[in-house]
Amino acid sequence: MIRHLYVHTPFCAKICPYCAFYVHQGGVAQQREFVAALREEWQRAKEEFPLTLETIYFGGGTPSILSAELFTELTQELKISSKQVRHPELVEGSVQSAFVPENRTDPHEFTLEVNPATVTDEKAAAWRAAGVNRISLGAQSFDAEMLKILGRQHAPRDIAETCALLRRHGFENINIDLMFALPGQNEETWEKTLQAALTCQPNHISAYGLTYEEDTPFFEKLSKGEYRQDEAREIVMFERTRDVLGAAGLVDYEVSNFARPGFESQHNLGYWRGEDYLGLGPSACSTIGALRWKNVPDTRAYAERIAKGESVREELEEIDSAIRIRERIMFGLRMREGVASALFSDEVQLRKLETDGLALEENGRVRLTLRGQLVADSIAEMFV
Ligand code: SF4
């Protein structure tokens, strides 16, 4: 049974110079084409797969760029049909009991990624009516200079105003996305951003260090020496993040994700726990059983193929259980709940992580120590 749905909306008002997602600008005509194609892809998927959706995640791109009318059209047939979140790990083990969403009146999760300054009362009302109950706000920084460097279109005050507008429409479950280790950023400005984010009273904060993705203007600047990476400073910022957010009651349930107990992202937990998910839209990935594929990363080709009744799937890959176990270890180690020790077939590798002080085995589960979290990406590479 597939419980998680991801929808990729490829449109952005402007392309940020660090972004490597499949995104582009597009007018209303192309957005209409996309919505019609996506609805058709959804109809096909419903016939093909057993679906009992518990989480829906609209990412991108900027899904909040769609008009209220188009968003309503896009979502009118998407339904979360189960009445309970039933992650097996939530009910089986004591380690995970802290993750039961006891503070939530509605256990279903329908997340929409929203960019500040793209929200209107009309759109927020349409999102509520469609069943959206979690907003992920792409704030990135509360520092005007940093936002300029990142090429973002909003100002710091837009973030607080957007939060206030969302709350007026009943959105209580709000995540704020932030980035650190930015060019020209220091520990003090990063801490100010964290404190400013907390004044918006989010239930969840995602804080990722900037990565320089190939084929982006940021990568080019790094290659030319205009930007420099400073690992030591990045570690200090990471530690500051844990301290500031921890003191505010946000628990680091994953290396880069912090939540009030009960407000962890159920959708992302699904990915990290290796559960199946269906992805719709251009460039969206799906993993179902032993198969993984990516949809064509071209909105025009995607819409044309759907209209002709053709498949939009590419890069079809068979993933055996060894790959799935490796991925569960890679993602599981990053979570506070860790990963079952039984998944490690290589005892030597596990003991080495322990003796190096990077991981800890407790009650049949393995998780990273603070030292391990600082080098989580390098540890993940050991399992690729
Ligand atoms: S708004 Fe987000 S998805 Fe769009 S270009 Fe910027 S970083 Fe990429």
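A quick note: this is a predicted structure, and the numbers were derived from the prediction, not measured.

Criteria and thresholds
- Residues numbered from 1 in each chain as written.
- Predicted model: local features only at pLDDT ≥ 70, side-chain atom pairs only at ≥ 80, totals over all residues.
- Heavy atoms only, no water.
- Helix = DSSP H or I, 4+ residues; strand = E, 2+ residues; numbered from the N terminus.
- Buried < 20%, exposed > 50% of the residue type's maximum accessible area, 1.4 Å probe, protein only.
- Contact = heavy atoms within 4.5 Å.
- Areas by Shrake-Rupley, 256 points an atom, 1.4 Å probe, with all protein chains shown as cover.
- Lys, Arg positive; Asp, Glu negative; His and termini not counted.
- Charge placed at Lys NZ, Arg CZ, Asp CG, Glu CD.
- Pairing = 2+ DSSP bridges.
- Axes fitted to C-alpha atoms, helices over the stretch in contact; angles between N-to-C directions.
- Expected span 1.5 Å × (residues − 1).
- Arc of directions from axis to C-beta.
- Salt bridge = Lys/Arg side-chain N within 4 Å of Asp/Glu carboxyl O.
- Polar contact = N/O pair within 3.5 Å; in protein donor to acceptor, adjacent residues only side chain to side chain.
- Domains from an automatic or database assignment.
- Buried area = accessible area lost by both parts, 1.4 Å probe.
- Nonpolar A, V, L, I, M, F, W, Y, C, P; charged D, E, K, R; others polar.
- Near = heavy atom within 4 Å.
- Core = buried A, V, L, I, M, F, W, Y, C linked by side-chain atoms within 4.5 Å.
- Phe/Tyr/Trp six-rings, centres within 6.5 Å; stacked < 30°, edge-to-face > 60°.
- Lys NZ or Arg CZ within 6 Å of the ring centre and 35° of its normal.

**Comments concerning the overall build of the protein chain**
Piece 1. What the protein chain contains, in helices and strands, is 15 helices and 15 strands.
Piece 2. Projected onto its principal axes, the C-alpha coordinates of the protein chain cover approximately 60 × 45 × 45 Å.
Piece 3. Across the 384 residues that make up the protein chain, the buried fraction comes to 52%.
Piece 4. Restricting to contacts in the protein chain with at least 6 residues of sequence separation, those with at least 24 account for 70%.
Piece 5. Surface summary for the protein chain: the accessible area is close to 17,300 Å², and the carbon and sulfur share equals 50%.
Piece 6. The distance from the centre of the 43 positive side-chain charges to the centre of the 59 negative ones in the protein chain is 3 Å.

**Some points on the sheet that holds strand β10 (residues 285-288)**
The pairing of strands in a sheet happens through backbone hydrogen bonds and is either parallel or antiparallel.
Piece 1. The strand order β10-β11-β12 describes an open sheet built from 3 strands, whose pairing is antiparallel. Each edge of the open sheet is held by one strand with a lone partner, namely β10 and β12 (313-318). Ignoring which end each strand starts from, the neighbouring axes of this sheet average 15° apart.
Piece 2. Bridge count between β10 and strand β11 (residues 291-295): 4 bridges; the pairing is antiparallel. Counterpart to I288 in the pairing with β11 is L291.

**Remarks on helix α9 (residues 231-247)**
Piece 1. Here α9 contains 17 residues, and its C-alpha end-to-end distance of 24 Å stays within 8% of the 24 Å for a straight helix at 1.5 Å per residue.
Piece 2. Within α9 the residues assigned to the buried category are M237, F238, T241, V244 and L245. Angularly, the buried residues of α9 cover 140° about the axis, an arc narrow enough to put them on a single face. α9 presents A232, D243 and A247 as exposed residues on the side facing more than 90 degrees away from its buried surface.

**Observations regarding the pattern of salt bridges**
Piece 1. A full pass over the atoms with the stated rule returns 25 salt bridges.
Piece 2. The shortest N-O distance in the salt bridge between R242 and D252 comes to 2.7 Å. Here R242, found in helix α9, pairs with D252, found in strand β7 (residues 251-254); they are 10 residues apart in sequence, far enough to count as distant.
Piece 3. Three or more residues joined by partner-sharing salt bridges are found here, namely E347, R351, E354 and E361.

**Considering the side chain of E41**
Piece 1. Summarising the element assignment, E41 is placed in helix α1 (residues 28-48).
Piece 2. As a buried residue without a salt bridge, E41 has its nearest oppositely charged side chain in R313, at a separation of 5.6 Å.
Piece 3. At a separation of 2.7 Å, a polar atom in the side chain of E41 contacts the side chain of Y302.
Piece 4. With residues up to four places along the chain from it excluded, the contact list for E41 reads G279, L280, G281, N295, Y302, I306 and V312.

**Quick look at the domain arrangement of the protein chain**
Piece 1. Under the domain assignment used here, the protein chain contains domain 1 (2-272) and domain 2 (321-384).
Piece 2. Measuring from the centre of the C-alpha atoms in domain 1 to the corresponding centre in domain 2 gives 26 Å.
Piece 3. Contact residues are listed per partner, giving 16 residues for domain 1 and 12 residues for domain 2.
Piece 4. In total, domain 1 and domain 2 occlude about 1,500 Å² of area from one another, counting both sides; carbon and sulfur atoms represent 57% of this.
Piece 5. The interface formed by domain 1 and domain 2 includes 2 salt bridges.
Piece 6. Inspection of the region where domain 1 meets domain 2 yields 6 residue pairs in polar contact (both at pLDDT 80 or more).
Piece 7. Its residues assigned to classes, the side of domain 1 that touches domain 2 comprises 9 nonpolar, 2 polar and 5 charged.

**Some points on the site of the ligand**
Piece 1. Around the ligand, the neighbouring residues are C12, K14, I15, C16, Y18, C19, V23, G60, G61, T62, N115 and R152.
Piece 2. When the residues that make up the shell around the ligand are grouped by side-chain class, the tally is 6 nonpolar, 4 polar and 2 charged.

**So, the nonpolar core**
Piece 1. Core analysis: the largest hydrophobic core is formed by 82 residues, its most contacted members being W127, I176 and L278.
Piece 2. A per-element tally of this core places α1 first, with 6 residues.
Piece 3. Residue contributions to this core reach at least three from each of two domains, namely domain 1 (2-272) and domain 2 (321-384).
Piece 4. Beyond its immediate chain neighbours, meaning those up to four positions away, L278 contacts I2, H4, L5, Y6, A45, F49, L51, C285, S286, I288 and W293.

**Observations regarding the packing of aromatic side chains**
Piece 1. Following the criterion strictly, the structure yields 12 aromatic pairs and no others.
Piece 2. A ring pair is formed by F218 and Y227, whose centres lie 5.1 Å apart and whose planes are at 75°; its orientation type is edge-to-face. Each member of the pair, F218 together with Y227, is buried.
Piece 3. Members of the aromatic cluster, connected to one another through ring pairs, are Y18, Y212, F218 and Y227.
Piece 4. Here R128 stacks its cationic end above the ring of F171, 5.0 Å away from the centre of that ring.

**Some points on the sheet that holds strand β13 (residues 339-340)**
Piece 1. The strand order β13-β15-β14 describes an open sheet built from 3 strands, whose pairing is antiparallel. Each having just a single partner strand, β13 and β14 (359-362) make up the two edges of the open sheet.
Piece 2. Relative to strand β15 (residues 365-368), β13 is paired through 2 bridges, and the arrangement is antiparallel. The partner of V339 across the bridge, within β15, is V366.
Piece 3. Contacting β14 and β15, helix α13 (residues 347-355) runs over the sheet at an angle of about 110° to β14.

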